[in-house]
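Below, each chain spelled out in residue letters.
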Amino acid sequence: MMLETDVSVLADAELVQRAQEGEQRAFGELYRRYLSPIYRYDYYRVGNREDAEDITELVFLRAWQALPRYRETEAGFQAWLYRIARNAVIDYYRSHRNHVPLERAPVSAITLEPDAEGLGREEVEDLRQALVELPDEQRDVVILRFIEGFSHGEVAEALNKSEGACRMIQLRALKALSSILGGKGE
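Per chain, residues are indexed from 1 in the order of the written sequence. With pLDDT at 70 or above as the cut-off, local features in this predicted model cover only qualifying residues; side-chain atom pairs require 80 or more to be listed or tallied, and sums for whole chains, interfaces and linings still use all residues. The side-chain numbers reported here are obtained from all heavy atoms of the structure, hydrogens and water having been left aside.

Visitor: Explain the overall build of the protein to me, please; I cannot follow it from the model alone.
Guide: Each helix and strand in the protein was counted, giving eight helices and zero strands. Elements are defined by DSSP. Helices are runs of H or I of four residues or more, strands are runs of E of two residues or more, and each kind is numbered from the N terminus. Counting helices and strands in the order they occur from the N terminus, the protein gives α-α-α-α-α-α-α-α. Across the 186 residues in the protein, those meeting the buried criterion constitute 40%. Whether two residues are in contact is decided by their heavy atoms: any pair within 4.5 Å suffices. A fraction of 57% describes how many contacts in the protein between residues 6 or more apart in sequence connect residues 24 or more apart. For the area figures, the Shrake-Rupley method with a 1.4 Å probe applies, and any residue is considered shielded solely by the protein chains shown. On the protein, roughly 10500 Å² of surface is accessible, and the fraction owed to carbon and sulfur atoms is 49%. Throughout this description, buried means an accessible area under 20% of the type-specific maximum (1.4 Å probe, protein chains only), exposed means over 50%, and partly exposed covers the range between.

Visitor: Even after reading the chapter, I still don't get helix α1 (residues 12-20), so can you show me in this structure?
Guide: Side chains three or four residues apart in an α-helix point the same way, a direct result of the helix having 3.6 residues per turn. Buried within α1 are the following residues: Asp12, Leu15, Val16, Arg18 and Ala19. Take α1 and look down its axis: the buried residues cluster within an arc of 165°, on one side only. Residues of α1 that are buried make contact with α2 (24-46) and α4 (77-95). Backbone geometry just downstream of α1 places Gly22 in the positive-phi region, at approximately 100°. Comment: arc refers to directions from the helix axis out to C-beta atoms.

Visitor: Where do I start with the nonpolar core in this structure?
Guide: In a soluble, globular protein the nonpolar side chains are often hidden away together inside. Core analysis: the biggest nonpolar cluster contains 43 residues, and Ile38, Val59, Leu67, Phe77, Trp80, Leu81 and Leu144 have the highest contact counts within it. When residues of this core are traced back to their parent elements, those giving at least two are α1, α2, α3 (49-66), α4, α6 (136-147), α7 (152-159) and α8 (163-182). No other element matches α4, which puts ten residues into this core. What Val59 contacts, discounting residues up to four positions off in sequence, is Ile38, Asp42, Leu81, Ile84, Ala85 and Ala88. Within this scheme, the nonpolar core is defined by two criteria: the residues are buried Ala, Val, Leu, Ile, Met, Phe, Trp, Tyr or Cys, and they are joined through side-chain atoms within 4.5 Å. Residues Leu131, Leu134, Leu177 and Ile180 belong to the second largest nonpolar core, which totals seven residues.

Visitor: What is the right way to look at the side chain of Gln170 in this model?
Guide: Its place among the elements puts Gln170 in helix α8. When neighbours within four sequence positions are excluded, Gln170 is seen to be in contact with Val141, Arg145, Phe146 and His152.

Visitor: Looking at this model, I keep getting lost on the packing of aromatic side chains. Mind explaining?
Guide: Two measures describe an aromatic ring pair: the distance that separates the ring centres and the angle between the ring planes. Put simply, two rings from Phe, Tyr or Trp (the six-membered ring, in Trp's case) pair if the centres are within 6.5 Å, and we call them stacked under 30 degrees between planes, edge-to-face over 60, tilted for the rest. Under the criterion given, the structure shown has ten aromatic pairs. Seen in terms of ring centroids, Tyr82 and Phe150 are 4.5 Å apart; in terms of plane orientation they differ by 85°. Their pairing is edge-to-face. Highlighted residues: Tyr82 in helix α4 and Phe150 in the loop between α6 and α7, separated in sequence by 68 residues. With a relative accessible area of 1%, Tyr82 lands in the buried category. The class for Phe150 is buried, based on a relative accessible area of 1%.

Visitor: Looking at this model, I keep getting lost on unusual backbone geometry. Mind explaining?
Guide: Negative phi values dominate among residues other than glycine, just as trans dominates among peptide bonds. The phi dihedral of Asn160 falls on the positive side, at around 60°, and the residue is not glycine. Residue placement: Asn160 occurs in the loop between α7 and α8. Owing to a relative accessible area of 59%, Asn160 belongs among the exposed residues under this scheme.

So, in structure tokens, the structure goes:
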């Protein structure tokens, strides 16, 4: 008797292949894996829980609809999903012009938690304020690279840019953050 494969142990590439073949459980596992990170990204970008939830669901709907056309890349499914999320956020701002852009959103819109590496509440608050001051592209790179833990290649794939361009954006973002945070103590 053949047992059903536990999809939770499969790699993304195999889950994508199975989902492309019509196995709904495989896409369900991809959804489970990436729901929280995609929601977190959307929330960082729009600063509103309800809108972030709506955008996140739209991301997965678009991913499901585009799945037959998906082709594996070096960066993989995760970067492809973040590209869809980024485009969904851009669409959100285009269709919600009456909303406050993230640059002018309240600082509380971006939530970071104090962590075990020594960032206290004050430092987290300073970092949160500094992030909202960055241009969109720089903020995307910082969120994907340092909050979501993407590699340089994955960031480049998600933003549809070259790796070198993303490294330059990251360098500019870190310099800007350093300048913003350096000015806090003066």
